[in-house]
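A structural walkthrough
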Amino acid sequence: MTTKTASKKATTKKAIAKAVTTKKTTSAKAKKPLLSTENKRTVCIVGSGNWGSTAAKIIGENILTGEAKNYFNEEVRMWVFDEDIPQADGSVRKLSEIINTDHENVKFLKGHKLPVNVKAVPDLKEAVTGATALVWVLPHQFIPKTAMGVKDCIDPNAVSISMVKGGVDIAEDGLKLCSESINEIVKHEVAVIMGANVADEVARGDFCEATIGASNKEVADVFHKLFNMKTFSVNCVTEVPSVELCGALKNVVALAAGFVDGIGMGGNTKAAVIRIGLKEMQTFITHFYPKTKTEVFSESCGVADLITTCFGGRNRKCAEVFAESRIQGEPKSWEELETAMLNGQKMQGTLTAQEIMPLIQHHRLEKKLPLMCATYNIAFKEASPKTLFDIL
Ligand SMILES: NC(=O)c1ccc[n+]([C@@H]2O[C@H](COP(=O)([O-])OP(=O)(O)OC[C@H]3O[C@@H](n4cnc5c(N)ncnc54)[C@H](O)[C@@H]3O)[C@@H](O)[C@H]2O)c1
């Protein structure tokens, strides 16, 4: 090789190396980190029910006193589906005005003060505009309309997390989950957070755990910073559908647990329902998502959430009275029970049971999911609560 050719080759090599380095630097520059102390994110909680207000309490406190204050702006917006709250003197006050003045959601999280940086915003578009960390926390039947209402004001840098348990639709190739419905509308990654989290206990600061499911680690980190605290210990996994489906399906098992209570059976029977329920959740989830890791079921979103929901929780509570009323020969409807027992809160297990039943039938899973089918038949097909164990 001549000296000239050798030097030409070396120059070309240098040029290529420079180009690679420059390209790397440019793309590294273009991709801003999702968490940064310079560009703090603004949080908007879309929903202000029992769990939404609890989320506001956790996030507000974390931003005021925890590491989160380095990455998030102090004010935490909470969209409030506003309503009039009657006062003792006969007057009425707007719920949003009460939250902003008294720092308490007296309708959905009574007895727990919200941090002062939580701001109730009754106008949905105003709440979402400019927000870059969106927390979706509404009963799932309200999600599509709400998300559609703000699809044109979503910030291009926003990331989302869904705390919604339920919202399972049929899609051509299997299921469409609530996080996917949100993603379709907002057009960015939507993580989920599920766990053994009965809101009032979380709000009073009892220790508990939760699971974030996010396929993108950076998105997981954003929400881990926002939620994780001493009394709310959050673990992240890389699967979204399994975590989300655990949160939806456990509410169906909770109906069965309520039927057990309503017909007067004890702890052994409840434990059997929980064990069979967990197996069926696993069967359902792995049928549609075969790559699901078994470990997900031992996270807070799996076995722990199932246990707490089958002992506490509104679905179990209403199902108990539903079964009791049938045993006593004075059957009450789900609508009656929801109105009488939940003070504006919504049941989720009944809707989810109705959503998954066509899927179970379509995929011929009846024999593999006897508890879920029996629960559906008791809830909607006039079967006696005592038939729960006929085919187990
Ligand atoms: N409460 C809990 O302990 C808990 C725990 C974990 C997860 N979750 C899940 O969180 C989600 C939200 O539940 P929650 O407990 O915060 O709600 P909730 O049942 O306590 O309250 C209902 C909320 O819906 C709002 N609402 C009523 N009509 C509406 C409408 N037409 N459009 C929009 N909003 C309307 C009400 O103002 C209220 O904020 C659910 O998916 C639930 O399964 C709840």
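Here is what the cut-offs are and how they apply
Residues numbered from 1 in each chain as written. Predicted model: local features only at pLDDT ≥ 70, side-chain atom pairs only at ≥ 80, totals over all residues. Heavy atoms only, no water. Helix = DSSP H or I, 4+ residues; strand = E, 2+ residues; numbered from the N terminus. Buried < 20%, exposed > 50% of the residue type's maximum accessible area, 1.4 Å probe, protein only. Near = heavy atom within 4 Å. Polar contact = N/O pair within 3.5 Å; in protein donor to acceptor, adjacent residues only side chain to side chain. Pairing = 2+ DSSP bridges. Axes fitted to C-alpha atoms, helices over the stretch in contact; angles between N-to-C directions. Contact = heavy atoms within 4.5 Å. Arc of directions from axis to C-beta. Parallel < 35°, antiparallel > 145°, perpendicular 65-115°, else oblique. Nonpolar A, V, L, I, M, F, W, Y, C, P; charged D, E, K, R; others polar.

What follows is about the environment of Asn216. Within the fold, Asn216 resides in the loop between β11 (208-213) and α8 (217-227). Given the relative accessible area of 29%, Asn216 is considered partly exposed. Separated by 152 residues in sequence, Asn216 and Lys368 have C-alpha atoms that sit 33 Å apart.

This brings us to the site of the ligand. Surrounding the ligand, one finds 22 residues, the nearest of these being Asn50, Trp51, Ala199, Arg314 and Lys346. In the environment of the ligand, an oxygen atom lies 3.2 Å from a nitrogen or oxygen atom belonging to the backbone of Gly52. For the ligand, an oxygen atom lies 3.0 Å from a polar atom in the backbone of Lys165. Per-element tally for the shell around the ligand: the top contributor is helix α2 (residues 50-65), with three residues.

The residue Asn343 is not glycine, and still its phi comes out positive at about 45°. With respect to the helices and strands, Asn343 occurs in the loop between α13 (334-342) and α14 (349-362). In this model, Glu382 sits at a positive phi of 65°, which is unusual for a non-glycine residue. Locating Glu382 in the fold gives a position in the segment after α15 (370-380). Classification of Glu382 as exposed rests on a relative accessible area of 77%.

Pairing is mixed in the open sheet, where eight strands are placed in the order β5-β2-β1-β6-β7-β10-β11-β12. Here the strands that pair on one side only, and so sit at the sheet edges, are β5 (118-121) and β12 (232-237). Across the sheet, the mean angle separating the axes of adjacent strands is 25° when strand polarity is ignored. Here four bridges tie strand β2 (residues 72-79) to β5, and the two strands are oriented parallel to one another. Each residue of the ladder has a partner; that of Trp79, found in β5, is Val121. Contacting β2 and β5, helix α3 (residues 95-102) crosses the sheet at an angle of about 165° to β5.

Within the secondary structure, His140 is located in the loop between β6 (133-136) and α5 (143-149). Not counting residues within four places of it along the chain, the set of residues in contact with His140 comprises Val164, Lys165, Gly166, Gly167, Cys178, Gln348, Leu351, Thr352 and Glu355.

Of all the residues in α13, the buried ones are Trp334, Leu337 and Leu342. Within α13, the buried residues cover an arc of 80° as seen down the axis, which keeps them to one side. The exposed residues of α13 that point more than 90 degrees off its buried face are Glu335, Thr339 and Ala340. The inward-facing, buried residues of α13 contact α9 (241-262), α12 (314-327), α14 and α15. Positive phi appears at Asn343, one or two residues downstream of α13, with a value of about 45°.

Moving on: helix α6 (residues 178-186). Every buried residue belonging to α6 is among Cys178, Ser179, Ser181, Ile182, Ile185 and Val186, and all of these are buried. All buried residues of α6 lie within an arc of 160° about the axis, which places them on one face of the element. Just downstream of α6, Lys187 is the residue with a positive phi angle, here 65°.

We now examine the environment of Phe108. Here Phe108 shows up in the loop between α3 and β5. Judged by its relative accessible area of 15%, Phe108 is buried. Spatially, the C-alpha atoms of Phe108 and Ala271 are 30 Å apart, while their sequence positions differ by 163 residues. In this structure Phe108 touches Ser48, Gly49, Asn50, Glu83, Leu95, Asn343, Gly344 and Gln345, once residues within four positions along its chain are discounted.

Relative to the helices and strands, Thr292 resides in the loop between α10 (267-288) and α11 (300-311). Look at Thr292 and you get buried, because its relative accessible area is 12%. In terms of polar contacts, Thr292 uses its side chain to reach the backbone carbonyl oxygen of Tyr289, at 2.7 Å. The contacts of Thr292, once residues within four sequence positions are left out, are Glu239, Ser242, Ile285, Thr286 and Phe297.

Put simply, α10 and α15 touch, their axes get as near as 8 Å, and they point 110° apart. When the interaxial angle is binned, α10 and α15 end up roughly perpendicular. Between α10 and α15, the residues in contact are Val273, Ile276, Gly277, Glu280 and Met281 and Pro370, Leu371 and Met372, respectively. Broken down by class, the residue content of the contact of α10 with α15 amounts to six nonpolar, one polar and one charged.

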